[in-house]
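Given next are the chains, with one letter for each unit.
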Number of protein chains: 2
Amino acid sequence: MTDDIDQILISALMEDSRRSLKALAQISGLSSPSVAERLRRLEERGVLKGYTVEIDPKCFGYQLQAIVRVRPLPGQLQEVERQIMSIPEFTECDKVTGEDCFIARLHVRSMEQLDTLLDRLNTLAETNTAIVKKTPVKRRLPPMA
Amino acid sequence: MTDDIDQILISALMEDSRRSLKALAQISGLSSPSVAERLRRLEERGVLKGYTVEIDPKCFGYQLQAIVRVRPLPGQLQEVERQIMSIPEFTECDKVTGEDCFIARLHVRSMEQLDTLLDRLNTLAETNTAIVKKTPVKRRLPPMA
DNA sequence: GCAACATGACCGACGACATCGACCAGATCC
DNA sequence: GGATCTGGTCGATGTCGTCGGTCATGTTGC
């Protein structure tokens with residue numbers, strides 16, 4: 001289904017998604033029409049879900065990053081989810097098993113802003129916040145083999 | 001420093017980082033050499049850190065996704081960090097303030113694999129695992145304005 | 001107040017690239 | 001064993017990126 005060449009292409013695009021078809025052709029040992037066709041099929045099958053950029057949030061003043069565990073008060077689960085989705089500083093949120101219903105990532109410019117945003121949630125949920133000090137593993141892919 | 005046009009370019013590339021310079025030129029109302037120059041400067045300044053792809057881990061058999069909080073046993077902090085970095089199924093890891101030293105994301109193909117991987121850590125740390133049921137907020141950018 | 005410079009844009013020409021159609025080789029299936 | 005499907009190459013054509021030259025604008029210093 002996805003063979004070695006597809007994985008080479010995916011890895012190459014992970015490193016730099018703006019590589020030309022020609023460059024990808026050289027890396028994979030195929031011709032560029034073949035590469036184009038393979039990418040088309042990877043997209044079609046939903047393996048390749050999109051091409052995007054990595055941005056440094058610090059450049060927009062987001063000095064702080066926090067991971068917030070959120071435990072909604074009884075009956076507030078839906079509303080908490082809506083709130084999190086509607087606050088754009090929440091840049092990631094998973095609904096998980098266990099006592100904490102949500103685990104979310106929050107980017108803020110200051111402690112004051114962190115406080116303000118969490119206050120909005122604290123009427124609906126208990127929260128537990130951990131400030132990110134360092135990121136030992138940056139987003140990467142699990143092994144494809 | 002980063003003006004409206006830069007933000008238009010960044011947003012356009014967030015949606016699809018393979019857009020041609022010409023397409024970006026049309027979107028932003030500039031000429032393509034100008035766009036090329038702006039991208040060059042955004043990269044140079046570290047705002048634009050890279051161009052990458054979104055892959056669906058399910059397509060490689062990763063049916064389960066977990067968020068693991070890790071509290072190293074006394075004296076094992078360094079070793080725990082090394083372990084996490086060296087296990088490729090950990091696709092993200094932050095070192096944070098608070099009792100849990102690390103919060104990591106883990107992609108696995110099965111419960112057995114989850115168990116195996118966590119056992120490796122449990123000689124060095126206490127862990128607390130939450131299975132991801134849903135992702136209400138997919139990775140996005142905080143407001144740039 | 002103005003000359004000199006820096007910045008950031010445009011245009012046009014040229015070379016590189018993507019795309020399309022035609023064709024081919026190997027596996028699969030009656 | 002021939003029809004068909006799949007996934008590849010090649011070469012022509014048109015589109016795109018890049019580079020040098022130019023210009024407008026805003027800033028600095030005398």
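Keep in mind that this is a model prediction, so the values were computed, not measured.

Q: So what's going on with the sheet that holds strand β4 (residues 102-108) of chain B? Which residues, and what values?
A: Taking strand neighbours around the barrel as the criterion, the 8 strands line up as β2(A)-β4(A)-β3(A)-β5(B)-β2(B)-β4(B)-β3(B)-β5(A) in a closed arrangement whose pairing is antiparallel. Averaged over all adjacent pairs, the angle separating strand axes in this sheet is 35 degrees, with direction ignored. The pairing of strand β5 (residues 125-137) of chain A with strand β3 (residues 90-96) of chain B spans 3 bridges and is classified as antiparallel. Bridging from a neighbouring strand, Val 137 of chain A pairs with Cys 93 of chain B of β3 of chain B.

Q: An account of the protein's contact with DNA strand D is needed here, citing residue identities and associated values.
A: Near DNA strand D the following residues occur: Leu 30, Ser 31, Pro 33, Ser 34 and Arg 38 of chain A together with Ser 20, Leu 21, Lys 22 and Pro 33 of chain B. Within 4 Å of the protein, the contacting atoms of DNA strand D are drawn from sugar and phosphate to the extent of 84%. With respect to DNA strand D, the side chain of Arg 38 of chain A contributes an N or O atom lying 2.4 Å from a phosphate oxygen. Broken down by secondary-structure element, the contributors of at least two residues to the surface near DNA strand D are α3 (32-44) of chain A together with α2 (21-28) of chain B. Residue contributions to the surface near DNA strand D peak at 3 residues, all from α3 of chain A. Taken together, the residues that form the surface near DNA strand D break down as 4 nonpolar, 3 polar and 2 charged.

Q: Tell me about the protein's contact with DNA strand C, and please be specific about residues and values.
A: In the vicinity of DNA strand C, the contacting residues are Ser 20, Leu 21, Lys 22 and Pro 33 of chain A together with Gly 29, Leu 30, Ser 31, Pro 33, Ser 34, Arg 38 and Arg 41 of chain B. Restricting the count to atoms of DNA strand C within 4 Å of the protein gives a sugar and phosphate share of 88%. Separating a phosphate oxygen of DNA strand C from a side-chain N or O atom of Lys 22 of chain A is a distance of 2.7 Å. Between DNA strand C and Arg 38 of chain B, the relevant distance is 2.4 Å, taken from a phosphate oxygen to a side-chain nitrogen or oxygen of the residue. Breaking the surface near DNA strand C down by element, the ones donating at least two residues are α2 (21-28) of chain A together with α3 (32-44) of chain B. Looking at the surface near DNA strand C element by element, the count peaks at 4 residues for α3 of chain B. Of the residues belonging to the surface near DNA strand C, the class tally is 4 nonpolar, 4 polar and 3 charged.

Q: So, the interface of chain A and chain B: which residues are in play, and what are the values?
A: Contacts between chain A and chain B engage 67 residues on the former and 67 residues on the latter. Across the chain A to chain B interface the summed buried area is about 6,300 Å²; carbon plus sulfur atoms make up 57%. In terms of surface lost to chain B, no three residues of chain A exceed Arg 18, Phe 60 and Arg 139 of chain A, which account for 11% of the buried area on that side. Our enumeration of links across chain A and chain B arrives at 8 salt bridges.

Q: A description of the pattern of salt bridges should follow, citing residues and the corresponding values.
A: If you walk through the whole model with that rule in mind, you get 28 salt bridges over all chains. A salt bridge links Asp 100 of chain A to Arg 69 of chain B; the nearest nitrogen and oxygen atoms lie 3.9 Å apart. Highlighted residues: Asp 100 of chain A in the loop between β3 (90-96) and β4 (102-108) and Arg 69 of chain B in strand β2 (residues 64-72), drawn from two different chains. Of the two residues examined, Asp 100 of chain A and Arg 69 of chain B, each falls in the buried class. A salt bridge links Arg 71 of chain B to Asp 100 of chain B; the nearest nitrogen and oxygen atoms lie 3.6 Å apart. With Arg 71 of chain B in strand β2 and Asp 100 of chain B in the loop between β3 and β4, this pair connects stretches of sequence that are 29 residues apart.

Q: Describe the UniProt feature "domain: HTH asnC-type" (unreviewed entry) in chain A, naming the residues involved and giving the relevant values.
A: According to UniProt, the "domain: HTH asnC-type" (unreviewed entry) feature falls on residues 1-63 of chain A. Spanning residues 1-63 of chain A, this segment combines 52% helix with 13% strand, and its end C-alpha atoms are found 43 Å apart.

Rules used throughout
Residues numbered from 1 in each chain as written. Chains lettered and ligands numbered in written order. Predicted model: local features only at pLDDT ≥ 70, side-chain atom pairs only at ≥ 80, totals over all residues. Heavy atoms only, no water. Pairing = 2+ DSSP bridges. Helix = DSSP H or I, 4+ residues; strand = E, 2+ residues; numbered from the N terminus. Axes fitted to C-alpha atoms, helices over the stretch in contact; angles between N-to-C directions. Near = heavy atom within 4 Å. Polar contact = N/O pair within 3.5 Å; in protein donor to acceptor, adjacent residues only side chain to side chain. Nonpolar A, V, L, I, M, F, W, Y, C, P; charged D, E, K, R; others polar. Contact = heavy atoms within 4.5 Å. Buried area = accessible area lost by both parts, 1.4 Å probe. Salt bridge = Lys/Arg side-chain N within 4 Å of Asp/Glu carboxyl O. Buried < 20%, exposed > 50% of the residue type's maximum accessible area, 1.4 Å probe, protein only. UniProt positions renumbered as here; feature names shortened; annotations may be inferred.

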